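Spelled out, the chains give:
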Amino acid sequence: MARMALAAGHDVTCVARGDDLPTGAVHVRADRDTDDALAGVADSRWDVVIDVARQPGHVRRAVRDLAPAAERFVFVSSTSAYVSHSDLGADEDAALHPPLPADEMSSPDDYGAAKAAGERAVLDGFGAARALIVRPGLVGGPGDPSGRTGYWGSRLASPSNVERRVLVPDAPQLPTAVIDVRDLAGWLVHAAGEGRDGIFNAGGEPMLFPAHLEVARRIAGHDGPLELVGEDWLIEHGVAQWSGPRSLPLWIADRSWYGMNARSSARARAAGLALRPLEETIADSLRWDLDHANGPGSGAGLTDDEERALLAAWRREARGAKGETTKPPG
């Protein structure tokens, strides 16, 4: 967002602990865990504040300190703020988690309630007419540190075995949706610059998991077989869902979560959000991973050894279920 705001001609100030900032941005060093973190910017006038914080206390203090100094507040929330993910096509009017009372999350399970608390603080402090709240779905693209959007391109480009066989969950009705971080950031800067208010979902175009894999296969040039493996078997063999080590990224077995990646972003699309094709996001992510030696299993997914072991176990158990035997030599 900072790079795109600078490219659009805006004056940009970044409040951050670290130094990884785009050239041209003013740096105000601060640790937002401290109560007076925003003292260095609270005495200036700001057209727009854009906040991506997840801790409720960070947002509450930002609203407290900047409501008198800023015309508008843009809060990047999350679709995790919704209490239910069972309905496909749900829009911004769906129910949210009760706001987290605490200023800090006690566990990752608090994330949705923490984002809901941030939304509440912004609306209470700035009012609806001075607030823009955006609830992104899964954000991906080149450099994604979670590995969720890069794994399938990397795995299909670099199979773990000579047969070029790739293990995938048998989930034909699973929705997926990835919004490219460049599309999201560009729209946020544009919407902030034109003074837009309101609440918007911002997700990628929903696509069934097999179709997502076919896009990744084309980009990766994969010509081997896909080994469709039962979801119950994967769970029994300790394969994690969605993200993290020893996982199959994007896979969700629980049907009550299918709506998470099938929410409506029609309101944001009508307000100017434009999405590039998934092919471009996967291709650019794969190129970034190759340039940075970021292979399968980095951040999320199965390592080569893990995939080979699971493939061998799946095929061994499948043969046993069919009553196949191996004739001893001689």
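Remember, it's a predicted structure, so these values are computed and weren't measured experimentally.

Turning our eyes to something else, we now look at the overall build of the protein chain. Helices and strands together make up the secondary structure of the protein chain, namely 10 helices and 14 strands. Taking 2.2 N^0.38 as the reference for a compact globule, 330 residues should give roughly 20 Å; the C-alpha atoms of the protein chain span a radius of gyration of 22 Å, in line with that estimate. Reported as C-alpha extents along the three principal axes, the dimensions of the protein chain are approximately 90 × 40 × 40 Å. The buried share among the 330 residues of the protein chain stands at 47%. Of the contacts made within the protein chain by residues no fewer than 6 positions apart, 75% connect residues no fewer than 24 positions apart. When the accessible surface of the protein chain is split by element, carbon and sulfur atoms take 51% of a total near 15800 Å². Here the protein chain contributes 35 positively and 48 negatively charged side chains, and the mean placements of these two sets differ by 3 Å.

Across soluble globular proteins, nonpolar side chains have a tendency to be buried as a group. Membership of the largest hydrophobic core comes to 34 residues, with the highest contact counts inside it found for Trp152, Leu167, Leu174, Trp233, Leu234, Leu248 and Trp251. Only helix H4 (151–157), strand S7 (166–169), helix H6 (209–220), helix H7 (231–236), helix H9 (278–291) and helix H10 (304–321) provide two or more residues apiece to this core. It is H6 that contributes the most residues to this core, five residues altogether. Leave out the neighbours within four places in its chain, and Trp251 touches Pro169, Ala171, Leu174, Glu231, Leu234, Ile235, Val239, Ala240, Gln241 and Trp242. Counting 18 residues, the second-largest nonpolar core is a separate cluster that includes Ala62, Val63, Ala121 and Phe126.

Once that is clear, we can look at the confidence of the model for the protein chain. Of the residues in the protein chain, 97% reach a pLDDT of 70 or more, and the chain-wide mean stands at 95. pLDDT under 50 marks residues 325–330. Its contacts with residues more than four places away, or in other chains, come to zero contacts.

The next thing to look at is the packing of aromatic side chains. In this structure the tally under the stated criterion is five aromatic pairs. Ring geometry for Phe73 against Phe126: centres 5.1 Å apart, planes inclined by 55°, an arrangement best described as tilted. With a gap of 53 residues between them, Phe73 in strand S4 (residues 70–76) and Phe126 in helix H3 (residues 111–126) connect regions that are remote in the sequence. Residue classification places Phe73 among the buried residues on the basis of a relative accessible area of 0%. Its relative accessible area of 5% is what places Phe126 among the buried residues. Measuring from ring centre to ring centre gives 5.6 Å for Trp187 and Phe200, while their planes differ by 80°; the resulting arrangement is edge-to-face. Linking Trp187 in helix H5 (residues 181–193) with Phe200 in strand S10 (residues 198–202), this pair joins segments that are 13 residues apart in sequence. One exposure class covers both Trp187 and Phe200, and it is buried. A network of ring pairs unites the aromatic residues Tyr151, Trp152 and Phe209 as a single cluster.

Glancing now at the pattern of salt bridges. Counted under the stated rule, the structure contains 28 salt bridges. One salt bridge connects Arg64 with Asp65, and the closest N-O pair in it is separated by 2.8 Å. Judged by relative accessible area, Arg64 falls into the partly exposed class, the value being 42%. In this structure, a network of salt bridges that share partners links the residues Asp180, Arg182, Asp183, Arg276, Glu280, Asp284 and Arg287.

Let us now look at the pairing of S4. Of all seven residues in S4, six are buried, a share of seventy percent or more. Looking at chain direction, strand S3 (residues 46–51) and S4 are connected through five bridges and run parallel. Of the residues in S4, the one forming a bridge with Trp46 is Ala70. Bridge count between S4 and strand S5 (residues 131–136): four bridges; the pairing is parallel. What sits directly across from Val76, in S5, is Val134.

Moving on: helix H2 (residues 56–66). Counting buried residues in H2 gives nine out of 11 residues, a clear majority hidden from the surface. Turning to H2, its buried residues number three or more, namely Pro56, Gly57, His58, Val59, Arg61, Ala62, Val63, Asp65 and Leu66. On its buried side, H2 packs onto S3, S4 and H3.

Turning our attention to the pairing of strand S12 (residues 226–229). Residues Glu227 and Val229 point to one face of S12 and are all buried, whereas Leu226 and Leu228, pointing to the other face, are not buried. Pairing between S7 and S12: four bridges, direction parallel. Note that in S12 the partner of Val168 across the bridge is Leu228.

Turning our attention to the sheet that holds S4. Sheet architecture is open: four strands sit in the order S3-S4-S5-S10, paired in parallel fashion. This sheet does not close on itself; its edge strands, each paired only once, are S3 and S10. Geometrically, the sheet is characterised by an average inter-axis angle of 15° between neighbouring strands, direction not taken into account. Across the face of the sheet, H2 comes into contact with S3 and S4 while running at roughly 170° to S4. Strand contacts of H3: S4 and S5, with the helix running at about 165° to S4, the strand carrying the most contacts.

Cut-offs used in this document
Numbering of residues begins from 1 in every chain and follows the order in which that chain's sequence is written. For a predicted model such as this one, the threshold for reporting local features is a pLDDT of at least 70, and the threshold for listing and counting side-chain atom pairs is 80 or more; totals across whole chains, interfaces and linings nevertheless cover every residue. Note: side-chain values were computed over all heavy atoms of the structure, leaving out hydrogens and water. Per the convention used, a helix needs a DSSP run of H or I reaching at least four residues, while a strand needs a run of E reaching at least two, with both numbered from the N terminus. To get the radius of gyration, use the C-alpha atoms; to get the globule rule, take the number of residues to the power 0.38 and multiply by 2.2 Å. Burial classes: relative accessible area under 20% of the type maximum marks a residue as buried, over 50% as exposed, and values in between as partly exposed (1.4 Å probe, protein chains only). The contact rule is simple, with two residues in contact once any of their heavy atoms fall within 4.5 Å. All accessible areas in this document rest on Shrake-Rupley with a 1.4 Å probe, and a residue is counted as covered only by the protein chains that are shown. Only four residue types enter the tally: Lys and Arg on the positive side, Asp and Glu on the negative side; His and the chain ends are excluded. Note that the charge is assigned to NZ on lysines, CZ on arginines, CG on aspartates and CD on glutamates. Note on terminology: a nonpolar core comprises buried Ala, Val, Leu, Ile, Met, Phe, Trp, Tyr and Cys residues joined through side-chain atoms within 4.5 Å. As a per-residue measure, pLDDT reflects the predictor's confidence and takes values from 0 up to 100. Stacked, tilted and edge-to-face are the three classes applied to pairs of Phe, Tyr and Trp rings, where Trp contributes its six-membered ring and a pair requires centres within 6.5 Å; stacked means planes under 30 degrees apart, edge-to-face means over 60, and tilted covers the rest. When a carboxyl oxygen of Asp or Glu lies within 4 Å of a side-chain nitrogen of Lys or Arg, that pair is called a salt bridge. Any two strands are treated as partners once DSSP identifies two or more bridges connecting them. Axis definition: a line fitted to C-alpha atoms, over the contacting stretch in the case of helices. Angles run 0 to 180 degrees between N-to-C directions.

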